[in-house]
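The residues making up each chain are set out below.
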Amino acid sequence: MSHGEEGYLPVPGGRVWYRSLGEGDVPLLCLHGGPGFTHNYMEVLGRLADERRVIFYDQLGCGNSERPDDISLWTVERFVDELAVVRDALGLDRVHLLGSSWGGMLALQYVLDRGPAPDSLVLVGSPASMPRWSRECAELLAGQPAEVQRTIREHENSGCTACPEYQAAILGFYREHVCRMRPWPAGLERSFAGLGEQVYHTMNGPSEFTVTGTLKDWDVTERLGEITVPTLLIGGRHDECRPAHLEDMHRRIPGSRLAIIEDASHLCFAEQWDAFRAELVDFLGPLDEG
């Protein structure tokens, strides 16, 4: 991926790094997951820069952005403020917002509470309810071997989640429900390396399926009917954000579209790029004209 234009933007709490690639149709602003997981695992979306401007940024506290040591900063509201500032600073009057996982939760909150409305919303493996996410991840975890489940439970109960035994135990879940590619893409490895651990642990918790942080009660399910922008929900068949969860969101968001990518999980855009790109381009194309 070429470097394009990059730089730093002041946001509430510090400075964030961004990169802008390409030009052309309505820009696509990409919001990464985590929270605290960096833009790198989404790099494949840079391939769209041959037809439109694609913009990535690392949210405060991770990756190339500043990492203030202040847990009071890690709130949904501040990240919504940050998104509003980034959009304004880059002059994105027209914009498609694409959020992966937590990035989609952030996009939902922005559209519901802030605005101005983007041209569209693309939610990739993004839940509307963390209580439901936790419940369904627990069901998926029950599919792992008993020994693995026991190791995970014991380590989380004792708070020893940094040790190699725990990390090895959760890998099976990640390989099945987060990214099924072997080896993992270099961008995903870089996202793990650049993880903002304070952000992730404060808001999420020790792992994808154990949400003990400040996001644990986050739920906008009952507000989805308020969304009026064109919305595409997209996820993998084996996604930790279950297809049934996306189907329920699809029913609640007026006029939304739903695409489930086969033989893919949470990183469906990396695992099945051609299928993902086809769905995305088909959705965005008509909206660019508006």
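So, how was this worked out
Residues numbered from 1 in each chain as written. Predicted model: local features only at pLDDT ≥ 70, side-chain atom pairs only at ≥ 80, totals over all residues. Heavy atoms only, no water. Buried < 20%, exposed > 50% of the residue type's maximum accessible area, 1.4 Å probe, protein only. Helix = DSSP H or I, 4+ residues; strand = E, 2+ residues; numbered from the N terminus. Pairing = 2+ DSSP bridges. Axes fitted to C-alpha atoms, helices over the stretch in contact; angles between N-to-C directions. Contact = heavy atoms within 4.5 Å. 1 Å grid on protein atoms, 1.4 Å probe; cavity = no way out; pocket = protein on both sides within 12 Å on 5 of 7 lines; lining within 4 Å. Points joined across faces, edges and corners; volume = space filled by probe spheres on them. Nonpolar A, V, L, I, M, F, W, Y, C, P; charged D, E, K, R; others polar. Core = buried A, V, L, I, M, F, W, Y, C linked by side-chain atoms within 4.5 Å.

- Naming follows an unreviewed UniProt entry, where the protein chain appears as Proline iminopeptidase of Nocardia pulmonis.

### Focus: the pairing of strand S2 (residues 14-21)
Consideration 1: Burial analysis of S2 places seven of its eight residues in the buried class, the great majority of the element.
Consideration 2: Note: strand S1 (residues 5-11) against S2, seven bridges, orientation antiparallel. Within S2, the residue paired with Leu 9 across the bridge is Val 16.
Consideration 3: Where S1 hands over to S2, the hairpin turn is made up of two residues, of which Gly 13 adopts a positive phi near 100°.
Consideration 4: Examined bridge by bridge, S2 and strand S4 (residues 52-57) share four bridges and lie antiparallel to one another. By the bridge assignment for S4, Arg 19 is matched with Phe 56.

### Some details on the sheet that holds strand S5 (residues 96-100)
By definition, the strands of a sheet pair up through backbone hydrogen bonds, in either a parallel or an antiparallel sense.
Consideration 1: As summarised here, the arrangement of the eight strands in space is S1-S2-S4-S3-S5-S6-S7-S8, forming an open sheet in which the pairing is mixed. Only two strands of the sheet have a single partner each, and these edge strands are S1 and strand S8 (257-261). In this sheet, neighbouring strand axes are inclined to one another by 20° on average, regardless of whether the strands run parallel or antiparallel.
Consideration 2: Note: S5 against strand S6 (residues 120-124), five bridges, orientation parallel. Bridging across to S6, Ser 100 finds its partner in Val 124.
Consideration 3: Sheet contacts for helix H1 (residues 76-89): S1, S2, strand S3 (25-31), S4 and S5; angle to S1, the most-contacted strand, approximately 130°.
Consideration 4: Strand contacts of helix H2 (residues 102-113): S3, S4, S5 and S6, with the helix running at about 140° to S5, the strand carrying the most contacts.

### Description of the layout of surface pockets
Consideration 1: Quantified by volume, the largest pocket comes out at close to 520 Å³.
Consideration 2: What lines the largest pocket is a set of 27 residues, and nearest its centre among them are Phe 37, Tyr 174, Phe 192, Leu 195 and Tyr 200.
Consideration 3: At the level of secondary structure, the elements contributing two or more residues to the lining of the largest pocket comprise helix H5 (164-177), helix H6 (186-193) and helix H7 (197-203).
Consideration 4: Taken together, the residues of the lining of the largest pocket break down into 15 nonpolar, nine polar and three charged.
Consideration 5: Its volume calculated, the second largest pocket comes out at about 160 Å³.
Consideration 6: Along its surface, the second largest pocket is lined by 13 residues, and Glu 43, Val 44, Arg 47, Pro 185 and Ala 270 are the ones closest to its centre.
Consideration 7: Counting residues per element, the lining of the second largest pocket draws most heavily on H6, at three residues.

### Let's talk about the nonpolar core
Consideration 1: Formed by 94 residues in total, the largest nonpolar core has its most connected members in Leu 45, Phe 269 and Phe 276.
Consideration 2: Ranked by residues supplied to this core, first place goes to H2 with eight residues.
Consideration 3: Those residues in contact with Phe 269 that lie beyond four places of it in its chain are Tyr 41, Met 42, Val 44, Leu 45, Ser 100, Val 124 and Phe 276.

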